Amino acid sequence: MSYKETLLDPIKIGTRECKNRFFVQAMECTDADADGNPTDLTYQRYENLYKGGWGLIDLEAISITQESRSRLNQLMIMEKNVPALTNFMKKMKEVNKDPLIVFQLTHSGELSNPKFSRRVTVMPSYSYGGDLLSEEEVDKIIDDFVLAAKIAHDVGADGIDMKLCHGYLGSQILRPFNSRKWKYGGSWENRRRFAFDLYERISKEVNDKNFLIGSKISAWEGFPGGFGTEGPDSPIMDLTEPLDLIKGLEERGAQYIVQSAGSPSITVTLTQAEKNYPYIAYLHPYWQKEFKKVLKPETVLIGSNYSVWGKGNKNLQMIDPQDNTMFKAGAKNIERGIVDMIGLGRQSFADPLLPKKLADGNEKDIHFCTLCDNCLELLIRQERIGCCTYNKYYTDVLVNVRKEKGKLTQNHT
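Note that the structure is predicted; figures quoted are calculated from it, not measured.

## Observations concerning the pattern of salt bridges
(1) Moving on: Taken as a whole and assessed by the stated rule, the structure comprises 34 salt bridges.
(2) Moving on: Notably, a salt bridge pairs Arg201 with Glu205, separated by 3.2 Å at the nearest N-O pair. Of the two residues, Arg201 and Glu205 are both situated in helix 7 (residues 193–206); the distance of four residues between them amounts to about one turn of the helix.
(3) Moving on: A relative accessible area of 29% places Arg201 in the partly exposed class.
(4) Moving on: Overall, the relative accessible area of 36% leaves Glu205 in the partly exposed class.
(5) Moving on: Here the salt bridges do not stand alone but share partners, grouping Glu67, Arg118, Asp131 and Glu137 into one network.

## Details of the side chain of Arg21
(1) Moving on: Along the chain, Arg21 turns up in the loop between strand 2 (16–18) and strand 3 (22–24).
(2) Moving on: You can call Arg21 buried: its relative accessible area is 10%.
(3) Moving on: Polar side-chain contacts of Arg21 include one of 2.9 Å to the backbone oxygen of Asp340.
(4) Moving on: Setting aside anything within four residues of it in sequence, one finds Arg21 in contact with Thr6, Leu7, Asp9, Pro10, Ile11, Ile334, Asp340, Met341 and Ile342.

## Focus on the nonpolar core
(1) Moving on: The biggest cluster of nonpolar side chains holds 110 residues, and the ones touching the most others in it are Ile77, Phe103, Leu105 and Leu249.
(2) Moving on: The greatest single-element share of this core, amounting to ten residues, is contributed by helix 4 (residues 135–155).
(3) Moving on: Those residues within four positions of Leu249 in sequence are excluded, and the remaining contacts are Leu164, Ala195, Phe196, Tyr199, Ser215, Ile217, Ala254 and Ile257.
(4) Moving on: One finds Leu100, Val102, Tyr256 and Met341 within the second-largest nonpolar core, a separate group that totals 13 residues.

Rules used in this analysis
- Residues numbered from 1 in each chain as written.
- Predicted model: local features only at pLDDT ≥ 70, side-chain atom pairs only at ≥ 80, totals over all residues.
- Heavy atoms only, no water.
- Salt bridge = Lys/Arg side-chain N within 4 Å of Asp/Glu carboxyl O.
- Helix = DSSP H or I, 4+ residues; strand = E, 2+ residues; numbered from the N terminus.
- Buried < 20%, exposed > 50% of the residue type's maximum accessible area, 1.4 Å probe, protein only.
- Polar contact = N/O pair within 3.5 Å; in protein donor to acceptor, adjacent residues only side chain to side chain.
- Contact = heavy atoms within 4.5 Å.
- Core = buried A, V, L, I, M, F, W, Y, C linked by side-chain atoms within 4.5 Å.

What follows is the structure, given as structure tokens:
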């Protein structure tokens, strides 16, 4: 098969048909209103993705709580948001009925911004910390996640992505660093309980075999005590717990897993390889291969860090860029059985119409991500987020914020 045929080949996720192998990563864009509802900017972004004909879309890091969140203008999913989310889903399905969409449910935990929300933690860390959560508070958070999943189902989403990655509360609980002796800490059996209990309750209370359940997982966070390390004070990679986690999630109803790595607040380059260090992306197929080994054939694995290849990354040595494009790299890994779909984050900003252009024979018209990471700068600065290279609106946002706030002095979210 050609790479075009491979990438446009349909795939079944649970009982649902996904029209192609393109997945839109959950990309926080901080453009909700004061109540956490979609605004015109939110509608515009997702309408473009629906027009683009992506197989599966992940609605960005939608917070289950107003109390602890990382972004001031973050989308939220509570009872008060039901009418707005219902209207949002109705409009998206009118644009294009084919793409599937899952809502990425999140709680920011120690990454909550204390300027406008409560920073909480399961185990105080050197970099963050916060108010120590009690077992009763975590049980209440689980209730809120279950309610959010039911809301997602009722407003018309096709499923949820229970966020267990990138340094947010789910991954904070899973880490070996969470060595506190309590219901959700210490032993691996205790730390995984949070995720397993959540899956069991969501599956039971939503009770719809057509509703997709999955999670994005950081295979290795890359710092001492991070998830995927051998212990609470070691950065050494050990995939024993990540592999056990995804097998356990699968047993409890997961139909798909999104592979990722790193924590953007600590090890951002692991999460999204930078322009000057693109070879970090070579690690991701290894994690994809290891994940794939332990999952059932029918469980869909989605891989990350494919935007890096673009139309041929000249910063990557020892290979002809013409043979190392995003499409060829992704299709090759699908054909080899390493992964089932490819996840694109920054690339979905650069060209939301990418799948349609490829299908229509207009590959030459695709805008490929330049890895400038100006979108990341906007995220760090709590600004509205989009592609500053191909979308003048966001170029102007970037220019204005630099005039107002000066040069960015940190390289983490």
